[in-house]
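Residue strings, one per chain:
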Amino acid sequence: MSTNAPTAPIQACEQAIGKTVHCKDMTEVRQHVDALDDILVPLLVERGGYMTQAARIKATQAQVRDEDRIEFIVARVRERAAQEGGQPDVIEAIYRSMMEAYIAYEHKEFDRLRDNTRGEQNV
Ligand SMILES: O=C(O)C(=O)C[C@]1(C(=O)O)C=C[C@@H](O)C=C1
């Protein structure tokens, strides 16, 4: 390693909270929020695709909700939020709400994938 290599400050710069820019008005705030939503929504759609995969792989509707996995994810994303300089409680609330929506979707996908009467494409 070079003797001039920077060390500690890099970690702080890479935190997500450090990427938030100072805004002069609400128009600017909302432009940034819209731009981030354009990144978030495709990722959420992609995540939703794995609910379809899970619905195909799981054997029963009772397996759709998995409390141990939910608590594992919550603990993990709380830790990630803290690492990024965010608010673990906010991220936990978002994730719990999001996972409830995905669980409802996974239940629907479970039924859809086993309903051969509609002629829809399965996955
Ligand atoms: O990991 C699973 O078993 C999933 O079906 C995915 C997922 C999630 O949203 O991440 C959804 C439902 C389960 O309760 C747990 C987690």
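Up top you'll find the structure we're talking about.
As the structure is a computational prediction, the values presented were derived from the model and not from experiment.

Asks: When you look at the environment of glutamate 109 in this model, what are you seeing that I'm missing?
Replies: The residue glutamate 109 is located in helix α4 (residues 88–114) in this model. Separated by 66 residues in sequence, glutamate 109 and leucine 43 place their C-alpha atoms 19 Å apart. For glutamate 109, the contacting residues outside a window of four places in its chain are Thr52 and Ala55.

Asks: So what exactly am I meant to see when it comes to the nonpolar core here?
Replies: When a protein is soluble and globular, its nonpolar side chains tend to lie buried together. In this structure, Ala55, Val64, Ile70, Ile73, Val74, Val77, Met99, Ile103, Phe110 and Leu113 together form the largest nonpolar core, which totals ten residues. Breaking this core down by element, the ones donating at least two residues are α3 (67–83) and α4. In this structure phenylalanine 110 touches Ala55, Lys58, Ala59, Thr60, Gln61 and Val64, once residues within four positions along its chain are discounted.

Asks: Can you help me understand the packing of aromatic side chains in this one?
Replies: One pair of aromatic rings is described through two measures. These are the centre distance and the angle between the planes. Evaluated as defined, the whole model comprises zero aromatic pairs. Across from the ring centre of phenylalanine 110, 3.5 Å away, lies the NZ or CZ of arginine 114, which sits over that ring.

Asks: I keep staring at the site of the ligand and nothing clicks. Help me out?
Replies: Among the 13 residues in the neighbourhood of the ligand, the closest are listed as Arg47, Lys58, Val64, Asp66 and Glu106. In this structure, valine 64 approaches the ligand through a main-chain N or O atom, which is 3.3 Å from an oxygen atom. Contacts to the ligand include glutamate 106, whose side-chain N or O atom sits 2.6 Å from an oxygen atom. Protein chains shield 88% of the accessible area of the ligand, which is 360 Å² for the free molecule. Among the elements of the structure, α2 (26–57), α3 and α4 are those that each provide at least two residues to the shell around the ligand.

Asks: Explain the environment of glutamine 63 to me, please; I cannot follow it from the model alone.
Replies: Structurally, glutamine 63 can be placed in the loop between α2 and α3. Looking at glutamine 63, the relative accessible area reads 38%, which means it is partly exposed. With 44 residues separating them in the primary sequence, glutamine 63 and histidine 107 have C-alpha atoms 9.7 Å apart.

Asks: Before we go on, may I ask you to explain α3 in this structure?
Replies: Side chains of residues three or four places apart in an α-helix project in the same direction, reflecting 3.6 residues per turn. In this model, α3 (17 residues) spans 24 Å end to end at C-alpha, consistent with the 24 Å of a helix rising 1.5 Å per residue. Those residues of α3 lying buried are Ile70, Ile73, Val74, Val77 and Ala81. The buried residues of α3 occupy one face: seen down the axis, they fall within an arc of 105°. Along α3, exposed side chains directed more than 90 degrees from the buried face belong to Asp68 and Arg76. On its buried face, α3 sits against α2 and α4. Backbone nitrogen of aspartate 68 and a side-chain oxygen of the N-cap are separated by 3.2 Å at the start of α3; the cap is aspartate 66. Of the residues one or two after α3, glycine 85 is the one with positive phi, at around 80°.

Analysis parameters
Residues numbered from 1 in each chain as written. Predicted model: local features only at pLDDT ≥ 70, side-chain atom pairs only at ≥ 80, totals over all residues. Heavy atoms only, no water. Helix = DSSP H or I, 4+ residues; strand = E, 2+ residues; numbered from the N terminus. Contact = heavy atoms within 4.5 Å. Core = buried A, V, L, I, M, F, W, Y, C linked by side-chain atoms within 4.5 Å. Buried < 20%, exposed > 50% of the residue type's maximum accessible area, 1.4 Å probe, protein only. Phe/Tyr/Trp six-rings, centres within 6.5 Å; stacked < 30°, edge-to-face > 60°. Lys NZ or Arg CZ within 6 Å of the ring centre and 35° of its normal. Near = heavy atom within 4 Å. Polar contact = N/O pair within 3.5 Å; in protein donor to acceptor, adjacent residues only side chain to side chain. Areas by Shrake-Rupley, 256 points an atom, 1.4 Å probe, with all protein chains shown as cover. Expected span 1.5 Å × (residues − 1). Arc of directions from axis to C-beta.

Shape descriptors only; they carry no functional weight alone.
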